[in-house]
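# Descriptive structure summary
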Amino acid sequence: MNTIILIIVLLGLTTFAYRYGRRKALTSVEGRVANLHSLPSYHGAYVALWCGLPALIVVALWLILQTDLVERMVLSGISDGISGMTKGQISLLLSDIRNLATGDITSRTPSPMVQAAAAHYVELQRLGFMLMTGAAVILTSGGLYFGLKAIQPTLRARPQVERIVRWLLLIASVIAILTTIGIILSLMFESIRFFGQVNPIEFLFGLTWSPQTALRADQVGGSGAFGAVPVFAGTLLITVIAMIVAVPIGLMAAIYMAEYASPTTRSLVKPALEILAGIPTVVYGFFAALTIGPLFRGAGESIGLSVASESALAAGLVMGVMIIPFVSSLSDDVINAVPQSLRDGSYALGATQSETIRQVILPASLHGIVGAILLAVSRAIGETMIVVMAAGLSANLTANPLEAVTTVTVQIVTLLVGDQEFDSAKTLAAFALGLVLFLVTLALNVVALRVVRKYREEYD
Amino acid sequence: MTDPTIDQPITRKPDFSATHLRKRYRAEARFKFYGVAAIFAALAMLAILLGSIISTGSSAFTQTEIALDIKLDAAKIDPDGTRDPESLARANYRTIVRDAMRAQFPEVSGRRDLRKLYKLVSTGSDFTLRQIVEADPALIGTTQTIWFKSSADLDQLNKGAIPRDVPEGDRRVNDAQITWFDALSDDGRTRRSFNTTFFTSGDSREPEQAGVWGAVVGTMLTLFVTLVLSFPIGVMSAVYLEEFAPKNRWTDLIEVNINNLAAVPSIVFGLLGLAVFLNFFGLPRSAPLVGGLVLALMTLPTVIIAGRAALQSVPPSIREAALGVGASPLQTVSHHVLPLAMPGILTGTIIGMARALGETAPLLMIGMVAFIVDIPRGFTDAATVLPVQVFLWADAPERAFVERTSAAIMVLLAFLILMNLAAVLLRRKFERRW
């Protein structure tokens, strides 16, 4: 909370610096703006940047680094007490200290050492905050002073301000790249740790998946097998079911809307289909688990089939419904992009509308449709909530859609939710699965985007 | 296009017969029918989905209540007679409620039967009574008819969700409780009133005391962080890429990267948040701050793509005119191009925020799935958001949570509709064709 107040104060000071710098520039030429090199607002912005930017950068860096630094110092303060501890014990101790320091409930009654360390922690944090505030105050006032001192009618404020703003714009657009790098690095880093414990060949080609590792040697079950083939097979099965639902319906809907429907129908149906895309996936998951799953089970029972209550069919069907608008809107665009001259030529030869569509338009837009389907597949593979709620956890290696299967995303969620330990193979396995998921969807997206772009260029 | 067969004499004569033509027309009609059927199938699924949510969820907006004649005995509540708030808070309201129930059904005896009897009203009843007494201490010493929430199971029975005709062992309400409840109903001591608790309280293990307000506040905090981060950064990078970036391999890379990032599964962003924000930077788990950060990274590509499209649609003549009268490139963009593109950018941002609002999976990764009763008060408090609340309730075994889950979905959908409506109106109002 204090940090937020500090930032608000800094922003307030920056605004003040802007107004003051602007006024100073105006008074320096006695109100005759034409005598200034740059407009007064640029002078204001110049002072404001001097005043706010360094301080805000320092505060941001401080906030990022402080926690780590403080924890290191606290641990080194009690280095005698923790010399014999393992890494896990230390992190447990640290979380105790942190909880005690923030006034939360600790898991154990704190030992005197922990209490002293927590007091040290609080003290260091207060000190850190005071130092940070001090540094920020010095930087803002120093910046204000320098900025104001520099203001003269001849100050080239505009080019300087614009240069900084352009740098800021560049930095903003690099954040997207940093995100990708962050995703790749974090997944790679944890996956490498995982593959240090589990053979990658076993992970990719093993046939048993039971990630529950035994905590004690004498525990029953939980041998900890990390063969991910059943998980991949389950993902594939559900994706195939979803595609069987989504591709025909989505494609036919797109064809009808692009070729047959009147503008009024189009303007009504298209938004209605887009509603399907806007419904949160957790709602689909609830629907699949509560309505469709039991429905299929009941239907299966009445004709003597045993359907698991969390069948792949139910999850796949609902996922297919979710993907319909995806397929239909992308294919709709693609079909609309086919030049009218192709249609006219076909009609002139006497073809009916459906013959034109099947023999001229679909072949002409095949690229784009394939791209749309690939994007939809990547969407289906990465979809999480529907399968978490409606598909099972048991890693069956089966092609029977009536049985429960599990998927990559379900496993990631179950392995990580509620777990705070990041050393076991169990939690690291989630990152390895995440890496596979990321790479597969990335490959699909790259191919699909390239296919679509190539196709678009054909008719442009 | 040259067909190799075109040089050869055509051996097959075209079939102009009426039967063939009829066949072709039938195929035409069939094809058209498939299209209509596909659209109907999709719309039917939408209708079934919404219908099932609304039909199961609408009953959650009412709550069964039971009236009891409560004797607010001064000796029990405030033996000293000081009306001191502390002693009022300490009084044993539970026994007062239980005494009132025994007075209502004097024939019930035996510990097991009494326990069943007490279960007619919500376990939060003593708290309700305490609040009433604390709000108006003058009531002490009088006998008041007070409406208490019934327990969730009786509420379900009253709404018909628990059928009466199944064997006693198969339902959560036993025969004796049904008899008592019916007696109360005949007495006019039951009613169904609007369920305000659902909109004003946080999560609870007891369905009748659970509400969505905690999740709504958590959602607002999270989305605020998302908006504050993704909107300026998104606009800035859209402006850079569209207006200033040189066309070279680097900007191509950024562009490809942004398009791919938009299609990365949301759960991967959750993994990123877990590895970077929680494990590396040590930010608190379950906090709206971290949730907002993760969702901001996820929405960023959407905002950038929408922003670029909006900037592209501003005609070059605007830029040329501004540059022609001596504006610098940055002035051109900030004074002329950006304001004209703003409606489009805002529409894209709202749509991105709507998607972030419905997102669940990445938030599961950063621990926003905890059971949280308190309403969050800051960006670092433990919180949950609406879709995660839906996920949590969907897992709860009580029958009464099913309708509450649906009701929470309706609240979520209402927010989504509002946001999309805002986007549509914005587009209508400010859309400009050049």
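Residues numbered from 1 in each chain as written. Chains lettered and ligands numbered in written order. Predicted model: local features only at pLDDT ≥ 70, side-chain atom pairs only at ≥ 80, totals over all residues.

## Quick word on the overall build of chain A
When helices and strands are tallied, chain A shows 16 helices and 2 strands. Relative to the 2.2 N^0.38 estimate, which gives 23 Å for 460 residues, the radius of gyration of chain A is 31 Å and therefore markedly larger than a compact globule would have. Taking the principal axes of the C-alpha coordinates as reference, chain A spans close to 80 × 75 × 35 Å. For chain A, buried positions account for 42% of its 460 residues. (Helix = DSSP H or I, 4+ residues; strand = E, 2+ residues; numbered from the N terminus. Rg over C-alpha atoms; globule rule 2.2 N^0.38 Å. Buried ≥ 20, exposed ≤ 12 C-beta atoms within 10 Å, placed from the backbone.)

## Describing the overall build of chain B
Looking only at helices and strands, chain B has 18 helices and 3 strands in total. In summary, chain B has a C-alpha radius of gyration of 32 Å against a globular reference of 22 Å for 434 residues, an excess of more than 25%. Over its C-alpha atoms, taken along the principal directions, chain B stretches across nearly 105 × 75 × 40 Å. With 434 residues in all, chain B has 42% of them scored as buried. Partitioning the intrachain contacts of chain B with sequence separation of at least 6 by distance along the chain shows that 78% fall at a separation of at least 24. (Contact = placed C-beta atoms within 7 Å.)

## A few points about the domain arrangement of chain A
What the domain assignment lists for chain A is domain 1 (2-155) and domain 2 (223-459). The C-alpha-based centres of domain 1 of chain A and domain 2 of chain A are spaced at 47 Å. (Domains from an automatic or database assignment.)

## Focus on the environment of Ser267(A)
Residue and element names in this part refer to chain A. Relative to the helices and strands, Ser267 resides in helix α8 (residues 263-278). For Ser267, a count of 10 C-beta atoms within 10 Å translates into the label exposed. In sequence terms Ser267 and Met257 are 10 residues apart; their C-alpha atoms lie 9.5 Å from each other.

## Re the sheet that holds strand β3 (residues 190-194) of chain B
All names here are of chain B. Pairing is antiparallel in the open sheet, where 3 strands are placed in the order β2-β1-β3. Where the open sheet ends on each side, the last strands, each with one partner, are β2 (143-149) and β3. Between one strand axis and the next, the sheet turns by 40° as a mean value, whatever way the strands run. Here 7 bridges tie strand β1 (residues 62-71) to β2, and the two strands are oriented antiparallel to one another. Residue pairing for β2: Asp69 is matched across the bridge by Thr145. (Pairing = 2+ DSSP bridges. Axes fitted to C-alpha atoms, helices over the stretch in contact; angles between N-to-C directions.)

## Points about helix α15 (residues 408-416) of chain A
Most of α15(A) sits inside the fold, with 8 of its 9 residues counted as buried. Among the residues of α15(A), Val408(A), Thr409(A), Val410(A), Gln411(A), Ile412(A), Val413(A), Leu415(A) and Leu416(A) are the ones counted as buried.

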